[in-house]
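Observations on the model geometry
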Amino acid sequence: MGRAPGPVLGIETSCDETSAALLDGDRLLAHVILSQDVHRVYDGVVPELAARAHLRVLDDVVAAALEEAGLRLRDVAVFGVTAGPGLIGALLVGVTWTKAVAWALERPIVGVHHMEGHLFAASLEDPDAVPPFVALLVSGGHTLLLWVPEWGRYELLGETRDDAAGEAFDKVARVLGMSYPGGPPIERAAATVAGDPYPFPRPMLASSQQPGDDDYYAFSFSGLKTAVRNRAEALDAEGRLPAERDAVARSFQRAVLDVLVTKAMRAVEEKGCPRVLIGGGVAASRALRDALRDALGEGGRLLHPSPRMATDNGAMIARTAAFRFGRGDLAGPDLSARADLPFPGLVRTR
Ligand code: KG4
Ligand code: ZN
């Protein structure tokens, strides 16, 4: 099929960002992201409120993107929409809107996997962000370590057995009385402290682990969250939590980054490829980028999106839709949102 015959509209509504972008070939013509502040009030995403907010603003977000691009809806050649994974009510708003509009205009639809979107995000800004690479996808819902020899072929090396990396940041932020989403305030607090004042256990990380072991590439962040909570409660009982909060945030971040970087470097070693791509909201972390760059050293290459492209956005969905359109992966009239949509092209080799 090849290249899309005109602008691709990418729609993202899987969680708490409503976003639309127009992509024509390599040119991003417009990109609008509306974050739902309502979830800050409740210290986390409330699924029902997320769905209602998407419904209220999606028309306006698309209209703003079209205006920015100087296009009308009928100029859109291909519609791409996040079909999963994510919050089912939130996903349904984007999928239903797209089905109605695309079929009225008789245009093709591509149902996009949200995490494949995060995989493509860096390529919107960096022409070198193409396979082969080791990919570390770290978001609020997923932690995936992949080997990517080419677009569309993904070997799953490891994933989390419980909480996702971003989820751990959000839960620890709540324990420490910081705002949602937790990543940015924890990173800011951590930057004010040096070293590792409260060394926490590094979950799933042991020097005795060998390639081929079950846990060699696996992640787990739930126990770390509990260790941080216990430490915070102990400090609170002594009245020292306010003074030590930033130090706890620092050590928590250190523990997460240590695990992420060490496992990514194990994959670099095994695959003999010193290129690491990061994606997902946690990839917005400067601390993560710096730690990976350090570990990769002179001969390595870190491929990363800007913070705006790292968190949820429509541009990465448009980019992925263009790729999938080129493969002929079009959705039929039965396209539906799926909270547990399987990652296309993903093979488990261990
Ligand atoms: O990809 P994303 O926008 O949404 C999901 O697909 O889940 O990721 C959101 C996650 C949140 O958990 C948020 O705390 C985390 O990304 N995050 C960060 C940073 N910025 C956002 N985590 C660590 N450091 C950051 N600077
Ligand atoms: Zn995401």
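Residues numbered from 1 in each chain as written. Chains lettered and ligands numbered in written order. Predicted model: local features only at pLDDT ≥ 70, side-chain atom pairs only at ≥ 80, totals over all residues. Heavy atoms only, no water.

**Points about the packing of aromatic side chains**
Keep this limit in mind: Any Phe, Tyr or Trp ring, taking Trp's six-membered ring, that has another such ring centre within 6.5 Å forms a pair; planes under 30 degrees apart are called stacked, those over 60 apart edge-to-face, and the others tilted. Each helix is a run of DSSP H or I of at least 4 residues and each strand a run of E of at least 2, with the numbering of both proceeding from the N terminus. We call a residue buried when its accessible area falls under 20% of the maximum for its residue type, exposed when it is over 50%, and partly exposed in between, using a 1.4 Å probe and counting protein chains only.
Per the counting criterion, the structure on display carries seven aromatic pairs. Ring centres 5.2 Å apart and planes at 35° place the aromatic pair Phe-120 and Phe-323 in the tilted group. A residue pair is termed long-range when its members are at least 10 positions apart, and Phe-120 in helix 4 (residues 114-121) and Phe-323 in helix 11 (residues 314-326) qualify at 203 residues. What makes Phe-120 buried here is its relative accessible area of 0%. For Phe-323, a relative accessible area of 14% puts it in the buried group. Between Phe-169 and Phe-252, the ring centres sit 5.0 Å apart and the planes meet at 75°, which makes this aromatic pair edge-to-face.

**Structural notes on the domain arrangement of the protein**
Going by this rule: Those domain boundaries reflect an automatic or database domain assignment. Contacts were defined at the residue level, with two residues in contact if any of their heavy atoms lie within 4.5 Å. Once two parts are joined, some of their accessible surface, as seen by a 1.4 Å probe, is lost; buried area is that loss totalled over both. For this document, the term salt bridge refers to a Lys or Arg side-chain nitrogen within 4 Å of an Asp or Glu carboxyl oxygen. Any pair of N or O atoms that falls within 3.5 Å is considered a polar contact. Within protein, one atom must be able to donate a hydrogen and the other to accept it, and sequence-neighbouring residues count only if both atoms are side-chain atoms. Amino acids are sorted into nonpolar (Ala, Val, Leu, Ile, Met, Phe, Trp, Tyr, Cys and Pro), charged (Asp, Glu, Lys and Arg) and polar (every other residue, Gly among them).
Structurally, the protein comprises domain 1 (8-119 + 310-348) and domain 2 (131-304). The distance between the C-alpha centroids of domain 1 and domain 2 comes to 27 Å. Taken together, the 24 residues of domain 1 in the interface contact 27 residues of domain 2. By the criterion of area lost to domain 2, the three top residues of domain 1 are Asp-43, Met-115 and Leu-119, representing 32% of everything that side buries. Viewed at the interface, domain 2 and domain 1 are joined by one salt bridge. Here domain 1 and domain 2 share eleven residue pairs in polar contact (both at pLDDT 80 or more) between them. Ranked by residues supplied to the side of domain 1 that touches domain 2, first place goes to helix 4 with four residues. For the side of domain 1 that touches domain 2, the class distribution of residues is eleven nonpolar, five polar and eight charged.

**Re the sheet that holds strand 5 (residues 109-113)**
Note: strands within a sheet are paired through backbone hydrogen bonds, in either parallel or antiparallel orientation. Note the following rule: Strands qualify as paired when DSSP identifies two bridges or more between them. Here an axis means a line fitted to C-alpha atoms, over the contact stretch when the element is a helix, while the angle between two N-to-C directions is reported on a 0 to 180 degree scale.
A sheet is described by the order of its strands in space; here five strands give the open sequence 3-2-1-4-5, paired in mixed fashion. Here the strands that pair on one side only, and so sit at the sheet edges, are strand 3 (27-35) and strand 5. Going from strand to strand, the sheet's axes swing by 20° on average, the running direction of each strand aside. Here strand 1 (residues 8-12) pairs with strand 4 (residues 78-84) via four bridges, running parallel. Along strand 4, the bridge assignment pairs Gly-10 with Gly-80. Strands strand 1, strand 2 (17-24), strand 3, strand 4 and strand 5 of the sheet are contacted by helix 11, whose axis makes an angle of about 125° with strand 1.

**Digging into the nonpolar core**
Selection criterion: Working definition of a nonpolar core: buried Ala, Val, Leu, Ile, Met, Phe, Trp, Tyr and Cys residues. They are joined through side-chain atoms within 4.5 Å.
One finds Leu-145, Phe-252 and Leu-288 to be the most contacted residues of the largest nonpolar core, which totals 51 residues. Counting residues per element, the ones that place at least two in this core are strand 6 (133-138), strand 7 (143-150), helix 5 (165-175), helix 6 (183-190), helix 7 (222-237), helix 8 (241-271), strand 9 (275-279) and helix 9 (286-296). It is helix 8 that contributes the most residues to this core, 14 residues altogether. For Leu-145, the residues in contact, after removing those within four places along its chain, are Val-134, Ala-135, Leu-136, Glu-155, Leu-156, Leu-157, Gly-158, Tyr-217, Phe-219, Lys-263, Ala-264 and Ala-267. Leu-22, Ala-65, Leu-66 and Ile-109 belong to the second-largest nonpolar core, a separate cluster that totals 25 residues.

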